[in-house]
Amino acid sequence: MSESQNSVSDLRSALELLKTLPGEYVETNTEVDPHAELSGVYRYVGAGGTCQRPTRKNGPAMVFKNIKGFHDISVAIGLNGSRQRVSHFLRCAPEKLGHLLKESVASAIPPITVDNAVCQEVVHLASDADFDLRKLLPAPTNTEEDAGPYITMGLCYASDPETHESDITIHRLCVQSRDELSMWLTPGRHIDAFRMKAEAAGQPLPISISIGVDPAIEIAACFEPPTTPLGFNELSIAGALRGKAVEMVQCKTINEKAIAHAEIVIEGELLPDVRVREDQNTDTGRAMPEFPGYTGEAKAAIPVIKVKAVTHRTHPIWRTTVGPGEEHVNMAGIPTEASILDMVERAMPGKLLNVFAHSAGGGKLLAVLQFKKSSPADEGRQRQAALLAFSAFPELKHVILVDEDVDIFDSDDVLWAMQTRYQGDVDTVTIPGVRCHPLDPSQVPEYSPSILQQGMSCKTLFDCTVPFHLKHNFERSKFKEVDVKRFLPDFE
Ligand code: MN
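Conventions adopted
Residues numbered from 1 in each chain as written. Predicted model: local features only at pLDDT ≥ 70, side-chain atom pairs only at ≥ 80, totals over all residues. Heavy atoms only, no water. Helix = DSSP H or I, 4+ residues; strand = E, 2+ residues; numbered from the N terminus. Rg over C-alpha atoms; globule rule 2.2 N^0.38 Å. Contact = heavy atoms within 4.5 Å. Areas by Shrake-Rupley, 256 points an atom, 1.4 Å probe, with all protein chains shown as cover. Lys, Arg positive; Asp, Glu negative; His and termini not counted. Charge placed at Lys NZ, Arg CZ, Asp CG, Glu CD. 1 Å grid on protein atoms, 1.4 Å probe; cavity = no way out; pocket = protein on both sides within 12 Å on 5 of 7 lines; lining within 4 Å. Points joined across faces, edges and corners; volume = space filled by probe spheres on them. Nonpolar A, V, L, I, M, F, W, Y, C, P; charged D, E, K, R; others polar. Donors = N, O, S within 2.8 Å, 3.2 Å for Na, K, Ca; no water. Buried < 20%, exposed > 50% of the residue type's maximum accessible area, 1.4 Å probe, protein only. Pairing = 2+ DSSP bridges. Axes fitted to C-alpha atoms, helices over the stretch in contact; angles between N-to-C directions.

- Looking at an unreviewed UniProt entry, one finds the protein named Phenolic acid decarboxylase subunit C, with Phytobacter massiliensis as its source organism.

Here is the structure:
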């Protein structure tokens, strides 16, 4: 890669960068139906992650240029769908991305406000009689049984009605009518805290939804507490990643800001005391495919956003993702890695070498920790590191601990450690009855007597590190160091 040419600052420059890299970008002019077909195509091309097989790991990002029923708008999917692409966007080696994000939290740069923004080149007001979200926005219905069209990459931005601190997060938004979206917030999310405060005061909460932005923002927005506690604006992490504050612009119809370079912005208000059934238009009982690889249930009563306006760039690019894909793994997982690295580093400096929030857990449920024991006194500290990891990211379910000679990004190598450095009866530690994530279908009372409510789980650590006093028995076979390029000049 030519690093000097990498100047990603919005979605368009990110796509331009991908076009210069072999195998990272494809596009099609063939008409595609956003209803189930678009996601059906990308499932094969590059979804990966926990997606239904067959799919492809590390397939290219894709742009659909001809969307059935829509003019002058294309759809981009899968930009963050490989760790290699994210490493190009963030100018950092793939295995160091967690460390980069950790450092960016520590050197956060708050967003600034600008007067004019490309995201407002075209303005559609909901007060106009012909305004209809369903005709303006090609939000895909991801499978035939989804509750409706979903905005899956909407950067939701709202502020605390009292402290005016802001938060940015991606939430599941379903288009419900010409000017309404339903919004599902998993319990404890920060925008939900703002919403509840506003609702208690009988007030609507202004909210902007920016779609199609610099991938650095998409990833930074996925940080969760305790790394980014209530009141921490995650946009400041994106600022640190770029060494430049994210530029915001005042919305046209609400008292809130939006991301200035976004392709599309939806302006609206979360209404107090209004709830809607997520699948009211389809009665499918299902929502959309979620990160663990299963379709979530449609919620019976969730908050509603009344849309006031849609603004966009000329020739806008819609941005979407496949819920169970590798894109979710990277967006959720790299911040998870940063959070674990940060907490363990503060407790025991230099011991935790690296972390991978593994694809099998969608970036949330499974982490592989690479731990270096240097002395007899380090025995047992690897398990303390695992306990800290469960605290650093509350939705983490499983930790696999490996030694410094295991490649945590190579599942064959991790499972090798499990075959030769793990005895199930002494190296498995279970912690039942702990809060985890409600979208894992095994986390239900019918599954286990220790699960009292949906969303509780048994957290488990698999210690696949060698006991320190036995290390001399576990040296891998050593091959001679050679210069392969002498035999194969193109070898990398
Ligand atoms: Mn937050």
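Next, the rest of the story.
**Some details on the overall build of the protein**
Here's step 1: A tally of helices and strands in the protein yields 12 helices and 23 strands.
Here's step 2: Taking 23 Å as the expected radius of gyration for a compact globule of 492 residues, we find that the protein reaches 23 Å, a close match to that expectation.
Here's step 3: With respect to the three principal axes, the spread of C-alpha positions in the protein is 75 × 60 × 40 Å.
Here's step 4: Pairs at least 24 residues apart make up 72% of the contacts formed inside the protein by residues separated by at least 6 positions.
Here's step 5: Accessible surface computed for the protein: about 20700 Å², of which carbon and sulfur atoms make up 53%.
Here's step 6: Charge separation in the protein, taken as the distance between the mean sites of 49 positive and 67 negative side-chain charges, equals 2 Å.

**Observations regarding the layout of surface pockets**
Here's step 1: In this structure, the largest pocket spans a volume of roughly 630 Å³.
Here's step 2: Looking at the largest pocket, it is lined by 30 residues, and the ones nearest its centre are Thr 186, Pro 187, His 437, Pro 438 and Leu 439.
Here's step 3: Mapped by element, the contributors of at least two residues to the lining of the largest pocket are β8 (166-170) and β16 (295-297).
Here's step 4: A total of 3 residues in the lining of the largest pocket trace back to one element, the largest contributor, which is β16.
Here's step 5: Considered class by class, the residues forming the lining of the largest pocket number 11 nonpolar, 8 polar and 11 charged.
Here's step 6: Put simply, the second largest pocket is a space of about 390 Å³.
Here's step 7: Lining the second largest pocket are 19 residues; nearest its centre among them are Ser 159, His 164, Ser 166, Glu 256 and Lys 257.

**Some words on the coordination of the manganese ion**
Here's step 1: Here the manganese ion is held by Asp 167 (OD), His 190 (ND1) and Glu 234 (OE), and the distances to it run 2.1 to 2.4 Å.
Here's step 2: Each donor residue of the manganese ion lies on one chain, and together they are spaced D-x22-H-x43-E. Of this pair, Asp 167 sits in strand β8 while His 190 sits in helix α6 (residues 190-200), and the two are 23 residues apart along the sequence. Accessibility assignment for this pair places Asp 167 and His 190 in one class, buried.

**Here's the deal with the sheet that holds strand β2 (residues 61-64)**
Here's step 1: Taken together, 4 strands build an open sheet; the order of strands is β1-β2-β3-β18 and the sheet is mixed. A single partner strand is all that each edge strand has here, and the edge strands are β1 (25-28) and β18 (317-320). When the angles between neighbouring strand axes are averaged without regard to direction, this sheet yields 20 degrees.
Here's step 2: In terms of strand pairing, strand β3 (residues 74-77) meets β18 through 4 bridges, oriented parallel. From the neighbouring strand, Val 75 faces β18, where its bridge partner is Trp 318.

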